[in-house]
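Structure at a glance
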Amino acid sequence: MTETPLVLTNARVLDPDAGRLHDRMSIRIEGGRIADVAPGADAPEGARKIDLAGKTVMPGLIDCHMHVVAWSLDLWGNMIAPTSLTALRAARVLEETLARGFTTVRDLGGADHGLVRGVEEGMIAGPRLVICGKGLSTTGGHCDLRQRTDDRPGIMSDRLGSMGVLVDGVDAVRATCRTYIKEGAQFIKIMANGGVSSPNDPIHALQFSRDEIAAAVEEAENAGLYVAAHVYTDAAIARCVDLGVRSLEHCNLIEAETAARAAERGCIAVPTLVAYEALAREGAALGLGADSVAKIDTVRDGGRRSLSILREAGLPMAFGSDLLGELRKYHCLEIDLLAEALSAADILRSLTTVGADLCGLAGTAGVIAPGASADLLVVDGNPLEDLGLLKDDGAHLRAIMARGTFYKSDLEGMA
Ligand SMILES: [Zn+2]
């Protein structure tokens, strides 16, 4: 945390909602927060000052779909790894993510309150972490990693490296939601459709009964939270939208009518195109099973088509990557894939304000505004004209500040 106030002067400031830059602004940072943003104001007596003439300040990025405990693409190996080792590996993943400019990450299954605290207490250099506990999955569903003849009892959801928990029945769903909420979950994740990385569930499989999904939604809403669902097919998405699910993960095979209804109901979609692109490039070589490899193309091709459907329906999109293990190196490629269908301003909103909304952090993250957390990036050019500034694993970021502390900076005037 900054003790002496810090003032960044002469900066161009990105306003993601307006899709424009404001020139010659001063940003005063105090106690980890942005205290003031005003045109031309000079630094008060005793403040540290950095002149940012010619540079742009933008909000730190938000990734709304990560699994920070998925060290490797070998999900079973992740699960049986000692929890202490998984925590150390997650710290590495978090730091790597911060170095790419992400100052907030929503974890969609795996991370626990200990990692949240580790970041808050400064034990780990990492983005703020928004967690759900483990992803709820049915037996045989997207988190059931067992092969057909493997009848060992479920998965080891007590291990930090496990991304999911197997839950069957309305009462079990309620009890699991209540446990995760008690343990600090800020939303609930359910696997409501077949998936790529699981061996026994085709993409079209609907997972969980309507009653089970409704129970999860009720438990989340009772706590002022919401449900995020893993969904690909139009049928699975439509069912979740009707049952009150708010956060629609992936959405690769969505159709226009469902997208319109989701927009009407206030849902947010989280496309994760790079996950399939990366799996197609390297999944087989990294040991992804043949059953899984066979499923990649359906969702990969659908994903490309989904972006314009989501955009035309006016369904807000938050940025997500969902890269597992060694594939994390493709993180910035998601920006290129989005750019095939979306404008730079739309992509910047998905990386900032829309993501903040989904993380329950509207006004706190994703904006450079008084009262917000001091999560910001400094770049040399205009990101609205050149999204390349956000690529290459953070190489073009002149400074990264998270919660008022510089993680990285090569700016003049730094003490
Ligand atoms: Zn995921």
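Keep in mind that this is a model prediction, so the values were computed, not measured. (Residues numbered from 1 in each chain as written. Predicted model: local features only at pLDDT ≥ 70, side-chain atom pairs only at ≥ 80, totals over all residues. Heavy atoms only, no water.)

Quick word on the coordination of the zinc ion
Geometrically, a metal with four donors at the corners of a regular tetrahedron has ideal angles of 109.5 degrees, and one with six donors at the corners of a regular octahedron has ideal angles of 90 or 180 degrees. Every protein donor of the zinc ion is accounted for by His65 (NE2), His67 (NE2) and Asp322 (OD), and the metal-donor separations fall at 2.0 to 2.4 Å. Between consecutive donors of the zinc ion, the numbers of intervening residues give the motif H-x1-H-x254-D. On the basis of relative accessibility, which here comes to 0%, the residue His65 falls in the buried class. (Donors = N, O, S within 2.8 Å, 3.2 Å for Na, K, Ca; no water. Buried < 20%, exposed > 50% of the residue type's maximum accessible area, 1.4 Å probe, protein only.)

Thoughts on the nonpolar core
Formed by 99 residues in total, the largest nonpolar core has its most connected members in Val68, Leu136, Ile190, Leu248 and Leu390. No other element matches the 6 residues that helix α8 (residues 273-282) contributes to this core. When sequence neighbours within four positions are dropped, the list of residues in contact with Ile190 reads Leu136, Phe208, Ile213, Ala216, Val227, Ala228, Ala229 and His230. Grouped together as the second largest cluster of nonpolar side chains are 22 residues, Ile29, Val367, Val378 and Leu411 included. (Core = buried A, V, L, I, M, F, W, Y, C linked by side-chain atoms within 4.5 Å. Helix = DSSP H or I, 4+ residues; strand = E, 2+ residues; numbered from the N terminus. Contact = heavy atoms within 4.5 Å.)

A few points about the packing of helix α6 (residues 234-242) against helix α7 (residues 256-264)
At a minimum axis separation of 10 Å, α6 and α7 run at an interaxial angle of 20°. By the angle class used here, α6 and α7 are roughly parallel. Considering how the two elements wind past one another, α6 and α7 form a crossing that is left-handed. Counted together, Asp234, Ile237, Ala238, Val241 and Asp242 of α6 and Thr258, Arg261 and Ala262 of α7 form the full contact between these two elements. Across the contact of α6 with α7, the residue classes break down as 4 nonpolar, 1 polar and 3 charged. (Axes fitted to C-alpha atoms, helices over the stretch in contact; angles between N-to-C directions. Parallel < 35°, antiparallel > 145°, perpendicular 65-115°, else oblique. Left-handed = near helix turned anticlockwise from the far one by under 90°. Nonpolar A, V, L, I, M, F, W, Y, C, P; charged D, E, K, R; others polar.)

A closer look at the pairing of strand β2 (residues 20-30)
By the bridge criterion, 7 bridges tie strand β1 (residues 6-15) to β2 in an arrangement that is antiparallel. Directly across from Asp15, in β2, lies its bridge partner Arg20. Counted along the chain from β1 to the antiparallel partner β2, the turn is 4 residues long, and its residue Gly19 has a positive phi close to 65°. Bridge count between β2 and strand β3 (residues 33-39): 6 bridges; the pairing is antiparallel. The residue of β3 that forms the bridge with Glu30 is Arg33. The loop that links β2 with its antiparallel partner β3 comprises 2 residues; one of these, Gly31, has a positive phi angle of about 60°. (Pairing = 2+ DSSP bridges.)

Considering the environment of Ala374
Residue position: Ala374 is located in the loop between α13 (353-358) and β15 (376-379). Exposure remark for Ala374: the relative accessible area of 0% places this residue in the buried category. Between the C-alpha atoms of Ala374 and Ile296, which are 78 residues apart in sequence, the distance is 39 Å. In contact with Ala374, not counting residues within four places along its chain, are Ile29, Gly32, Arg33, Ile34, Met401, Ala402, Arg403 and Gly404.

Here's the deal with the layout of surface pockets
In this structure, the largest pocket occupies an estimated 360 Å³ of space. Along its surface, the largest pocket is lined by 20 residues, and Val119, Glu120, Ala402, Arg403 and Thr405 are the ones closest to its centre. Secondary structure elements with two or more residues in the lining of the largest pocket: α3 (113-120) and β17 (405-409). Here the lining of the largest pocket is composed, by residue class, of 8 nonpolar, 7 polar and 5 charged. The two domains that each donate at least three residues to the lining of the largest pocket are domain 1 (6-59 + 367-409) and domain 2 (61-358). Put simply, the second largest pocket is a space of about 290 Å³. At the level of elements, α1 (75-80) and α9 (290-293) are the ones that each hand at least two residues to the lining of the second largest pocket. (1 Å grid on protein atoms, 1.4 Å probe; cavity = no way out; pocket = protein on both sides within 12 Å on 5 of 7 lines; lining within 4 Å. Points joined across faces, edges and corners; volume = space filled by probe spheres on them. Domains from an automatic or database assignment.)

Digging into the sheet that holds strand β6 (residues 61-66)
The 3 strands are arranged β6-β7-β8 in an open sheet whose pairing can be described as parallel. The open sheet has two free edges, formed respectively by β6 and β8 (128-130), since each of these has just one partner strand. Geometrically, the sheet is characterised by an average inter-axis angle of 20° between neighbouring strands, direction not taken into account.

Comments concerning the pattern of salt bridges
Applying the stated rule across the entire model yields 27 salt bridges. One salt bridge connects Glu96 with Arg100, and the closest N-O pair in it is separated by 3.8 Å. Relative accessible area serves as the criterion here: at 6%, Arg100 is assigned to the buried category. Of the charged contacts in the structure, one is a salt bridge between Asp201 and Lys295, with a shortest N-O distance of 3.6 Å. Taken as a pair, Asp201 in the loop between β11 (188-191) and α5 (210-222) and Lys295 in the loop between α9 and α10 (296-313) lie far apart in primary sequence, 94 residues in all. Here Lys295 falls in the buried class, since its relative accessible area comes to 10%. Via salt bridges that share partners, Glu277, Arg281, Asp297, Arg300, Arg304 and Glu340 belong to a single interconnected network. (Salt bridge = Lys/Arg side-chain N within 4 Å of Asp/Glu carboxyl O.)

Brief notes about the domain arrangement of the protein chain
Partitioning the protein chain into domains gives domain 1 (6-59 + 367-409) and domain 2 (61-358). Distance from the C-alpha centre of domain 1 to the C-alpha centre of domain 2: 30 Å. In this complex, domain 1 contributes 25 residues to the contact, which on the side of domain 2 involves 25 residues. Taken together, the two surfaces of domain 1 and domain 2 that pack against each other cover about 2,000 Å², and 64% of this comes from carbon and sulfur. It is Leu387, Arg403 and Tyr407 that lose the most area in domain 1 upon contact with domain 2, and together they represent 29% of the buried surface on that side. Applying the counting criterion to the domain 1 and domain 2 interface returns 3 salt bridges. Ionic pairing is found between Asp375 and Arg128, a salt bridge with its closest N-O pair at 2.8 Å. The tally of links from domain 1 across to domain 2 stands at 9 residue pairs in polar contact (both at pLDDT 80 or more). Among the secondary structure elements, those contributing two or more residues to the side of domain 1 that touches domain 2 are β5 (56-59) and β16 (399-402). In terms of residues, the side of domain 1 that touches domain 2 owes the most to one element, β16, which gives 3 residues. (Buried area = accessible area lost by both parts, 1.4 Å probe. Polar contact = N/O pair within 3.5 Å; in protein donor to acceptor, adjacent residues only side chain to side chain.)

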